[in-house]
There are 2 protein chains.
Amino acid sequence: MISSPRIGLDIGGTKIEGIALDTAGEITARRVVATVPGPAGVLGASAELVRALAAESGAQVADYAGVGIGIPGQVDRDSGTVRNAYNMGLSSLALGPELSARVGIPVRVDNDVTAASIGAVHVMGLDGTVAYLNLGTGLAAGMTVDGLPIRGTDGFAGEIGHLPIDPRGRACPCGQFGCLETVASGSALKAHWPAGGEHPGRTLNEAVAAGDADAKLARDYLIEGAANATRVLGLTVNPGAVVIGGGLRLLGDPLVSGIRAQLREWAAASEFIAALGLADRLRVLPADSPAAAIGAAIAINE
Amino acid sequence: MISSPRIGLDIGGTKIEGIALDTAGEITARRVVATVPGPAGVLGASAELVRALAAESGAQVADYAGVGIGIPGQVDRDSGTVRNAYNMGLSSLALGPELSARVGIPVRVDNDVTAASIGAVHVMGLDGTVAYLNLGTGLAAGMTVDGLPIRGTDGFAGEIGHLPIDPRGRACPCGQFGCLETVASGSALKAHWPAGGEHPGRTLNEAVAAGDADAKLARDYLIEGAANATRVLGLTVNPGAVVIGGGLRLLGDPLVSGIRAQLREWAAASEFIAALGLADRLRVLPADSPAAAIGAAIAINE
């Protein structure tokens, strides 16, 4: 199924999730460690995790063709450099070469959402044109055709979180107004529902059920914005499946049913939108799926 | 440069443009005939044009690997069927098989904007990720990666003309409100500047120069909408070049400078948008380029 065994890491602001894959594409080891911020911390924790995954699989690190990494921030895939990954204390780090020097096998670095889009296709057994919509702290998408990602010229493909969809909308930190991310993201939930605290997604459904009007409004914005992002993806790449990923997918049925209902309302008003089949094509990434780590591993020899 | 000589036709509502390509990718014959509406008319004129292009190239039709067609409407590439190409009197026609039976070589049918996006890459010597923005009666885009088009699951990729960008915008015939096509298209020009007649693009610049306020407003909407469409393409596929095509590109410098100025204004307010480099990446398809016919010919064995 894949040409060689490889290791994948999904490096986030709070944890690093790692997997080892065999040539059947099956996971032989899976581990999560806490992120240690800063270059030395990230490199040390990552190298340690690579060794642990190999050992857990009954192998040596040298038995693997390479390590694939998914990480937020601006990634230069050719040089393996990551910039502006501020939530893990990295302003600029030659992550690929530095980690490769520590573990002795090639390391390929990818944007985390792109990696997750590749992994989602693998995990969910999809093919053709697939869009992956990541609803996390921010909003971003990944698009794949037959499992291969559309990366764009500078690695910015899928950054639809900064697409303005309402000229009269809220100011976005990016400098624009009414961006999709200002309505459909974890940061938008915080802005619209300050009482929800640092992790508003965890208690949002309960608060809505208890009659909290701000929570309801925040969730409605999220649902409409996510439906809008799905429509954007539908009209640009016309996917056969749209997979919802990211932490906010754990809002579950209220979110997904809400997005589907909004898409159906739009389809009822427009045959053109109906032809895109978006409501029926909406899928959710399984809750415990290490999609970004898997996708990063798959993409190492691309 | 291409594997075999082939013929390409761009079938539009008023004319059919045809070219023959040799294996160097050079045009050996080029002809334009009037479109005869209806199935028999379109098939007859197309077959006649194929024979004329072969003769003009000093060859037989059988010397060509096939005919590629670009046509508006909904195209099923597998069956070669075109639906809803109303401006040439076709509600449903098995154009590929029917024309193939008349000329004796394979015929592949493509959406005209997709074909033009492939042709633009070829004609302009582009590579990597390229977006093509067609400003004609409607608004649509084509996206290519290394010359290969993103077609989507049902052939609807690039239909960003029906992306709503202002919830308070004008009603679109598609059933939605504030679609890009309601501000940046030939049909939008007519709606905003009724005095411009059937072909408002032909006299728009002169009317603006003469102080016509409606013409000015219509052109401003067009410019802002086209810039918005460019931003949509930038945020989804992050192209290295955005090529403006379609009849409205003949508005020339006032249009293109206007789009660039709008993109620069947005980039000045947002480092994120600035990083996409859109103003500098904007290009215009040459005025006399038969891009759709060339692209359709190139795509026959894809």
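Small disclaimer: the values here were computed from a predicted structure and weren't measured.

**Student:** Go over the interface of chain A and chain B, please, and point to the residues and values.
**Tutor:** Listed by partner, the interface residues are 39 residues for chain A and 39 residues for chain B. Across the interface of chain A and chain B, roughly 3,100 Å² is buried in total on both sides, 58% from carbon and sulfur atoms. Taken together, the links from chain A to chain B amount to four salt bridges. When contributions to the side of chain A that touches chain B are tallied by element, the ones reaching two or more residues are helix H6 (213-237) and helix H8 (271-274) of chain A. Here the residues of the side of chain A that touches chain B are counted per class, giving 19 nonpolar, twelve polar and eight charged.

**Student:** Explain the sheet that holds strand E10 (residues 139-145) of chain A to me, using residue names and the numbers behind them.
**Tutor:** Residues and elements named next belong to chain A. The strand order across the open sheet built from five strands is E11-E10-E9-E12-E13, with neighbouring strands paired in mixed fashion. Of all the strands in the sheet, just strand E11 (148-149) and strand E13 (282-284) have a single pairing partner and so form its edges. Bridge analysis of strand E9 (residues 129-135) against strand E12 (residues 241-245) gives five bridges, and the strand direction is parallel. Bridging across to E12, Val130 finds its partner in Ala241.

**Student:** An account of the environment of Val107 of chain B is requested, with residue identities and associated values reported.
**Tutor:** Residues and elements named next belong to chain B. When you line up the elements, Val107 lands in strand E8 (residues 107-111). Owing to a relative accessible area of 12%, Val107 belongs among the buried residues under this scheme. Setting aside residues no more than four positions away along its own chain, Val107 makes contact with Val67, Ile69, Gly96, Leu99 and Ser100.

**Student:** Would you mind going over the nonpolar core in detail, with residue names and values included?
**Tutor:** Of all hydrophobic cores here, the largest spans 90 residues; its most connected members are Leu133, Ile160 and Ile259 of chain A together with Leu133, Ile160 and Ile259 of chain B. Once residues within four sequence positions are removed from consideration, Ile160 of chain B is found in contact with Leu235 and Thr236 of chain A together with Leu133, Leu139, Ala141, Leu180, Ala229, Val232 and Leu233 of chain B.

**Student:** Which residues make up unusual backbone geometry, and what values do they have?
**Tutor:** All names here are of chain B. A positive phi angle, near 50°, is found at Asp146, a position not held by glycine. With respect to the helices and strands, the residue Asp146 is situated in the loop between strand E10 (139-145) and strand E11 (148-149). For Asn238, which is not glycine, the phi torsion reads 50° and is therefore positive. Position of Asn238 relative to the elements: it lies in the loop between helix H6 (213-237) and strand E12 (241-245). Among the residues examined, Asn238 registers a relative accessible area of 1% and is labelled buried.

**Student:** Can you break down the domain arrangement of chain A residue by residue, with the values?
**Tutor:** The domain architecture assigned to chain A consists of domain 1 (6-105) and domain 2 (124-284). Measuring from the centre of the C-alpha atoms in domain 1 of chain A to the corresponding centre in domain 2 of chain A gives 28 Å.

**Student:** Break down helix H10 (residues 291-298) of chain A for me, citing the residues and quoting the values.
**Tutor:** Three- or four-residue spacings in an α-helix give side chains the same orientation, since the helix completes a turn every 3.6 residues. Of all eight residues in H10 of chain A, seven are buried; the element is thus mostly enclosed. Within H10 of chain A, burial applies to Ala291, Ala292, Ala293, Ile294, Gly295, Ala296 and Ala297 of chain A.

**Student:** Requested: an account of the relation of the copies chain A and chain B, with residues and values cited.
**Tutor:** Turning chain A through 180° and shifting it by 0.0 Å along the axis lays it on chain B, with an RMSD of 0.0 Å. What the rotation and shift describe, once combined, is the action of a two-fold rotation axis.

**Student:** Tell me what's going on with the pairing of strand E3 (residues 27-34) of chain A, and back it up with residues and numbers.
**Tutor:** All names here are of chain A. Inspection of the sheet shows strand E2 (residues 15-21) paired to E3 by seven bridges, in the antiparallel sense. When the bridges of E3 are listed, Ala20 appears paired with Ala29. Counting the residues between successive antiparallel strands, the hairpin from E2 to E3 contains five residues, one of them, Gly25, with a positive phi of roughly 80°.

**Student:** Outline the pattern of salt bridges, listing residues and values.
**Tutor:** All names here are of chain A. Under the definition given, this model contains 22 salt bridges over all chains. As a salt-bridge pair, Glu98 and Arg102 come within 3.3 Å of each other at their nearest N and O atoms. Here the residue Glu98 and the residue Arg102 both occupy positions in helix H2 (residues 95-103), the gap between them amounting to four residues, near one helical turn. The exposure class assigned to Glu98 is partly exposed, which follows from its relative accessible area of 34%. A relative accessible area of 41% means that Arg102 is categorised as partly exposed. Here the salt bridges do not stand alone but share partners, grouping Arg77, Asp110 and Arg151 into one network.

Definitions and cut-offs
Every chain's residues receive numbers from 1 upward, in the order its sequence appears when written. Just so you know, chain letters begin at A and ligand numbers begin at 1, following the order they were written in. For this predicted model, a pLDDT threshold of at least 70 governs which residues receive local features, and a threshold of 80 or more governs which side-chain atom pairs are given and counted, while totals over whole chains, interfaces and linings are taken from all residues. To get the side-chain values, take all heavy atoms of the structure and skip hydrogens and water. By definition in these notes, contact holds between two residues if any of their heavy atoms fall within 4.5 Å. As used here, buried area is the combined drop in accessible area, with a 1.4 Å probe, of two parts when they are placed together. One speaks of a salt bridge when a side-chain nitrogen belonging to Lys or Arg is within 4 Å of a carboxyl oxygen belonging to Asp or Glu. Secondary structure elements are taken from DSSP: a helix is a run of H or I of four residues or more, a strand is a run of E of two residues or more, and numbering for both begins at the N terminus. Gly is placed with the polar residues, together with every amino acid not listed as nonpolar (Ala, Val, Leu, Ile, Met, Phe, Trp, Tyr, Cys and Pro) or charged (Asp, Glu, Lys and Arg). Pairing between two strands is assigned when DSSP locates at least 2 bridges connecting them. Residue burial is assigned from relative accessible area. The probe radius is 1.4 Å, only protein chains are included, and a residue is buried under 20% of its type maximum, exposed over 50%, and partly exposed in between. Residue types Ala, Val, Leu, Ile, Met, Phe, Trp, Tyr and Cys, when buried and joined through side-chain atoms within 4.5 Å, form a set referred to as a nonpolar core. Each domain's limits were defined by an automated method or a database of domain assignments. Copy-to-copy alignment: least squares on C-alpha atoms, limited to residues at pLDDT 70 or above in both.

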